[in-house]
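Listed below, chain by chain, are the residues.
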Amino acid sequence: MLLVLTGVTAISVAILAYVNELTKEPIAQANAKTLSDAVSAVVPGFDNDPIAEKKVQEVNGVECSVYPATKDGKYIGAAVEAVSMGFGGELKVLVGFDAEGKIIDYSLLSHAETPGLGSKAADWFKKGNKGDITGMAPGEGALTVSKDGGKVDAITASTITSRAFLNAVNAAYAAYSGQNTADGTTGATQQQAAETSAATGASIKVELTDSVSVK
């Protein structure tokens with residue numbers, strides 16, 4: 001019996017390893033396409049390959065992925081991937097910023113929030129919706145919900161998720177602005193950074209409302 005059980009276990013492990021090897025590449029390709037589509041959605045109009053030019057920026061001791069976008073060699077913005085902890089677990093967003101640091105759009109890449117409530121974050125903060133954050137500039141002040149004195153309407157009955165979402169957006173901007181380097185993350189020149197700061201009154205440092213965990 002022991003030999004039979006050992007044999008069955010060995011065969012099962014071998015089959016699982018084989019299936020994993022077969023599916024690894026298709027899964028990786030699917031994830032890459034999902035990311036590529038998301039970057040195109042939040043920072044439209046670029047003609048470079050933001051994913052190939054990915055840079056990493058450290059924010060509060062953790063790393064955020066930054067995908068710089070250019071058009072005809074001119075910097076037009078970036079898509080930034082950041083993570084925060086929501087009510088149900090990790091919440092990952094991709095936020096698009098223009099060259100002036102204003103939010104173009106965002107994509108909720110993954111979450112573990114309650115279906116029908118926290119999951120509304122995928123659309124709640126989109127253009128034209130109640131919690132619309134498009135056009136806002138986190139550099140002028142961290143985004144917070146109205147309940148905390150901010151300007152953003154929280155998702156109904158999902159304040160924790162809303163806070164987590166905005167924490168991720170604020171972390172994304174912190175990475176975008178390049179707190180630890182003058183301009184290395186976004187690809188913007190120091191002159192562009194200075195012009196943006198003068199035009200918007202933006203501060204390079206962003207105070208996050210809660211701790212942010214980013215992988």
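Here goes a summary of the coordinates provided.

## Some details on the overall build of the chain
Then step 1. From N to C terminus, the chain includes 4 helices and 5 strands.
Then step 2. Starting at the N terminus and ending at the C terminus, the chain contains elements arranged as α-β-β-β-β-β-α-α-α.
Then step 3. Residue burial in the chain is summarised as follows: out of 215 residues, 39% are buried.
Then step 4. At a minimum sequence separation of 6, the contacts of the chain that also span at least 24 residues come to 54%.
Then step 5. A total of about 11,200 Å² of accessible surface is found on the chain, and carbon and sulfur atoms cover 56% of it.

## Quick notes on the pattern of salt bridges
Then step 1. Evaluation of the coordinates by the stated rule reveals 4 salt bridges.
Then step 2. One salt bridge connects glutamate 81 with lysine 92, and the closest N-O pair in it is separated by 3.9 Å. Residue glutamate 81 is located in strand β3 (residues 74-85), and its partner lysine 92 is located in strand β4 (residues 90-98); the two are separated by 11 residues in the primary sequence.
Then step 3. Taking the relative accessible area as the measure of exposure, glutamate 81 reaches 14% and is therefore buried.
Then step 4. Of the charged contacts, one joins lysine 126 and aspartate 105 as a salt bridge, the two residues approaching to 3.0 Å between their closest N and O atoms. With lysine 126 in the loop between α2 (121-124) and α3 (159-177) and aspartate 105 in strand β5 (residues 103-110), the pair connects residues that are 21 residues apart, well separated along the chain.

## Topic: the sheet that holds strand β1 (residues 55-59)
Then step 1. Across the sheet, 5 strands lie side by side as β1-β2-β3-β4-β5; this open sheet has antiparallel pairing. Here the strands that pair on one side only, and so sit at the sheet edges, are β1 and β5. Taken pair by pair, the neighbouring strands of this sheet meet at an average axis angle of 25 degrees, ignoring direction.
Then step 2. In this sheet, β5 lies alongside β4 in antiparallel orientation, the contact comprising 6 bridges. Considered in β5, the bridge of glycine 96 is made with aspartate 105.

## Notes on a nonpolar patch on the surface
Then step 1. On the surface, a nonpolar cluster with roughly 410 Å² of combined accessible area is contributed by Ile11, Ile15, Tyr18 and Val19.
Then step 2. Topologically, tyrosine 18 is positioned in helix α1 (residues 2-42).
Then step 3. For tyrosine 18, a relative accessible area of 54% corresponds to the exposed category.

## Examining the packing of aromatic side chains
Then step 1. Under the criterion given, the structure shown has 5 aromatic pairs.
Then step 2. Here tyrosine 106 and phenylalanine 165 contribute two aromatic rings whose centre-to-centre distance is 4.9 Å and whose plane-to-plane angle is 65 degrees, an arrangement assigned as edge-to-face. You can see tyrosine 106 sitting in strand β5 and its partner phenylalanine 165 sitting in helix α3, a full 59 residues away along the chain. Across this residue pair, the class does not change: tyrosine 106 and phenylalanine 165 are buried.
Then step 3. With 4.3 Å between their ring centres and 5 degrees between their planes, phenylalanine 125 and phenylalanine 165 make a pair best called stacked. Note that phenylalanine 125 is positioned in the loop between α2 and α3 and phenylalanine 165 in helix α3, a separation of 40 residues in sequence.
Then step 4. In this structure phenylalanine 125 comes out as buried when scored by relative accessible area, which is 0%.

Rules and cut-offs
Residues numbered from 1 in each chain as written. Predicted model: local features only at pLDDT ≥ 70, side-chain atom pairs only at ≥ 80, totals over all residues. Heavy atoms only, no water. Helix = DSSP H or I, 4+ residues; strand = E, 2+ residues; numbered from the N terminus. Buried < 20%, exposed > 50% of the residue type's maximum accessible area, 1.4 Å probe, protein only. Contact = heavy atoms within 4.5 Å. Areas by Shrake-Rupley, 256 points an atom, 1.4 Å probe, with all protein chains shown as cover. Salt bridge = Lys/Arg side-chain N within 4 Å of Asp/Glu carboxyl O. Pairing = 2+ DSSP bridges. Axes fitted to C-alpha atoms, helices over the stretch in contact; angles between N-to-C directions. Patch = residues over 30% accessible without salt bridge, like charges linked within 9 Å, V, L, I, M, F, W, Y side chains within 5 Å. Phe/Tyr/Trp six-rings, centres within 6.5 Å; stacked < 30°, edge-to-face > 60°.

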